[in-house]
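Listed below are the residues making up each chain.
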Amino acid sequence: MNWATCLCRGKYSVTSSKKAKLAVWKFASCDGCQLSILDCEEQLLDIAGAVQIANFAEATRAVIKGPYDISLVEGSITTPHDAERIHKIRRNSKYLIVIGACATAGGIQSLRNFADVREYTSLIYAHPEYIESLGKSTPIADHVYVDFELRGCPINKYQLLEVLSAKLAGRKPCIPTYSVCVECKRKGNVCVMVALGVPCLGPVTQAGCGALCPSYQRGCFACFGPKETPNAESLASKLEKSGQTRQEIVRAFRGFNAFAESFRKQSEAYER
Ligand code: SF4
Ligand code: SF4
Ligand code: SF4
């Protein structure tokens, strides 16, 4: 997607008085996905020209009141305050896009969903009674209606530009829902699982990274989350047959997208 070309060809017909108001919101997260927006570098001026940045704490202290045409939400819901705030943001946003593994699946912090969070806080904090934390870290879609989910940890900046430009142009975003294996084969990579016996979650993971890890002879650890209709059960069985222990299979599915339903089910099945 060439963002600048799209703007130059006047596909958006955006005038300064009619610019879409864009807001960026943070919940429990590492800010990495927001940094991907700033990492757009040369495209940032085009973004600023096409939208009015109304709320983006990572970039500016200026805040323009809602309602907002587009909201980008990073992070998962982990506190009672988060659970209230996301409803307020939803009410104030016409189109809500969630970005990254934290917002789409609960993130790495959802590993606590498999344990007792009160036990964790009592081990870490001198005064755990001051910690207001929900028992689980959950994705945004568990709380409010979400218009689009963009995967990745962090997200791919070109995919973000595609989603934003599609919204501004009034068309459907062109984001693949097939697996990392498709990208991997297109690149002509030798399969690390077949040739080297390295465990790889590429068959069940959504494309978007350009098969980065297998391109360097590493297995995929699924940071883009489950692809559409993943057969995680079949992959887990294949991993077991190739010599992975049950504990290693649990760990393989408990990464950045541990609480995504298909991955969660497999890790729980192999934990028993
Ligand atoms: S998805 Fe990954 S990069 Fe994005 S905020 Fe969460 S931990 Fe950070
Ligand atoms: S290396 Fe991984 S992503 Fe590439 S084809 Fe093999 S299983 Fe799929
Ligand atoms: S290959 Fe897998 S783990 Fe590596 S960047 Fe891509 S999705 Fe993430």
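Just so you know, these numbers come straight off a predicted model, no measurement behind them. (Residues numbered from 1 in each chain as written. Chains lettered and ligands numbered in written order. Predicted model: local features only at pLDDT ≥ 70, side-chain atom pairs only at ≥ 80, totals over all residues. Heavy atoms only, no water.)

K.L.:
Describe the pattern of salt bridges, listing the residues and the values that go with them.
P.N.:
For the coordinates displayed, the defined rule picks out 9 salt bridges. A salt bridge links Arg171 to Glu162, with the shortest nitrogen-to-oxygen separation between them at 2.9 Å. Across the pair Arg254 and Glu271 runs a salt bridge, and its minimum N-O distance is 2.9 Å. Placement of Arg254 in the loop between α12 (246-253) and α13 (261-271) and of Glu271 in helix α13 is noted, with a sequence separation of 17 residues between them. Relative accessible area serves as the criterion here: at 14%, Arg254 is assigned to the buried category. (Salt bridge = Lys/Arg side-chain N within 4 Å of Asp/Glu carboxyl O. Helix = DSSP H or I, 4+ residues; strand = E, 2+ residues; numbered from the N terminus. Buried < 20%, exposed > 50% of the residue type's maximum accessible area, 1.4 Å probe, protein only.)

K.L.:
Explain the pairing of strand β4 (residues 93-99) to me, using residue names and the numbers behind them.
P.N.:
The buried fraction of β4 amounts to 6 of the 7 residues, a majority that puts the element mostly inside the structure. Direction of pairing for strand β3 (residues 68-74) relative to β4: parallel, over a ladder of 6 bridges. Bridge pairing in β4 links Leu72 to Ile97. Crossover connection from β3 via helix α4 (residues 80-91) to parallel β4: handedness right-handed. The pairing of β4 with strand β5 (residues 148-150) spans 3 bridges and is classified as parallel. For Ile99, the partnering residue across the bridge sits in β5 and is Leu150. (Pairing = 2+ DSSP bridges. Right-handed = clockwise from strand over helix to strand, strands pointing away.)

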